[in-house]
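Coordinates in review
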Amino acid sequence: MSGAAVSATVFGVLGLAIGLAGLRLLATGFYRYADDTRRARRHPWVPGAATVVGAVAGWSLADRPVIVRLTVVGAAGVLIVMAAIDLEVHRLPRVLTWPSYPALALMLAGCSLAGGGWAAYGRAVQAGLAGWLCFYVLHRLSRRGLGRGDVTLAGLLGMLLGWFGWSAALVALYAAFLLAGLVAGALLVTKRATRTSRIAFGPAMIAGALAVLLGQ
């Protein structure tokens, strides 16, 4: 078995473990408010999605240090859980997003120590700040069409993608808006939403980011 195949297997299993842990966390409903009127959902797809992403990341990043693959697969697992929450309640809880900043900063520092270089770390910080500021401006201009959770998520994704390069961060941003537009258009055509309906933007941001990460 080739090294890439071994890496795909190992990190696919790790992705499954993270996905199962995320599913158990989702089952607690920690992210729901007492007055939430949206119907509670089950998310059986989470472990499968985390497994696939873990396996693909293990394969495509097989030539990268182990810490880089761990960072991507771990971050992907958390992001998939965030996407499930946003799809259900249109909210990204601070109890999950805020602690992700120091955790990601620490993991990216390890990636830089393992050979990525500190220039990559500095770029990650800059991209995180740029993502946060860009989405904060959009949040203010859109009259809260974009939530504060989206702003926080943009900073996290900027850090993660920025470590790999500015082009990765920019392509993921473009992909997020493209995916969101396609989903909104499909919902309007099928009459599952109206022009005034609120559509969760976080999942599109996460999907775009993961697609770019897996192509590194």
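Up top is the structure these notes are about.
Just so we're clear, the structure is a prediction, and the values are computed from it rather than from any experiment.

Here we come to the pattern of salt bridges. Per the stated rule, a full pass over the model turns up 1 salt bridge. Across the pair Arg32 and Glu88 runs a salt bridge, and its minimum N-O distance is 2.5 Å. With Arg32 in the loop between helix H1 (3–27) and helix H2 (45–60) and Glu88 in helix H3 (residues 66–89), the pair connects residues that are 56 residues apart, well separated along the chain.

Moving on: the packing of aromatic side chains. Considering all chains together, one arrives at 7 aromatic pairs under this definition. Aromatic pair Trp163 and Phe164: ring centres 5.2 Å apart, planes at 80°, arrangement edge-to-face. Centre to centre, the rings of Phe177 and Phe201 are 5.1 Å apart; their planes meet at 45°, and the pair counts as tilted. Residue Phe177 is located in helix H7 (residues 166–189), and its partner Phe201 is located in the loop between H7 and helix H8 (202–213); the two are separated by 24 residues in the primary sequence.

A complete count under the given rule lists 1 cavity of 30 Å³ or more for this structure. The calculated volume of the largest cavity comes to roughly 30 Å³. Along its surface, the largest cavity is lined by Gly15, Ile18, Ala50, Val53, Gly54, Val73, Ala76 and Gly77. Elements represented by at least two residues in the lining of the largest cavity include exactly H1, H2 and H3. Taken together, the residues that form the lining of the largest cavity break down as 5 nonpolar, 3 polar and no charged.

Another point: the packing of H3 against H8. Relative to each other, H3 and H8 sit at 160°, their axes nearing to 9 Å. Classified by the angle their axes make, H3 and H8 are roughly antiparallel. Here the hand of the crossing between H3 and H8 comes out left-handed. Mapping the contact onto sequence places Val72, Ala76, Leu79, Ile80, Met82, Ala83, Asp86 and Leu87 in H3 and Gly202, Pro203, Ile206, Leu210 and Leu213 in H8. When grouped by side-chain class, the residues that make up the contact of H3 with H8 number 11 nonpolar, 1 polar and 1 charged.

Criteria and thresholds
- Residues numbered from 1 in each chain as written.
- Predicted model: local features only at pLDDT ≥ 70, side-chain atom pairs only at ≥ 80, totals over all residues.
- Heavy atoms only, no water.
- Salt bridge = Lys/Arg side-chain N within 4 Å of Asp/Glu carboxyl O.
- Helix = DSSP H or I, 4+ residues; strand = E, 2+ residues; numbered from the N terminus.
- Phe/Tyr/Trp six-rings, centres within 6.5 Å; stacked < 30°, edge-to-face > 60°.
- 1 Å grid on protein atoms, 1.4 Å probe; cavity = no way out; pocket = protein on both sides within 12 Å on 5 of 7 lines; lining within 4 Å.
- Points joined across faces, edges and corners; volume = space filled by probe spheres on them.
- Nonpolar A, V, L, I, M, F, W, Y, C, P; charged D, E, K, R; others polar.
- Axes fitted to C-alpha atoms, helices over the stretch in contact; angles between N-to-C directions.
- Parallel < 35°, antiparallel > 145°, perpendicular 65-115°, else oblique.
- Left-handed = near helix turned anticlockwise from the far one by under 90°.
- Contact = heavy atoms within 4.5 Å.

Remember, this is a structural readout, not a statement about activity or role.
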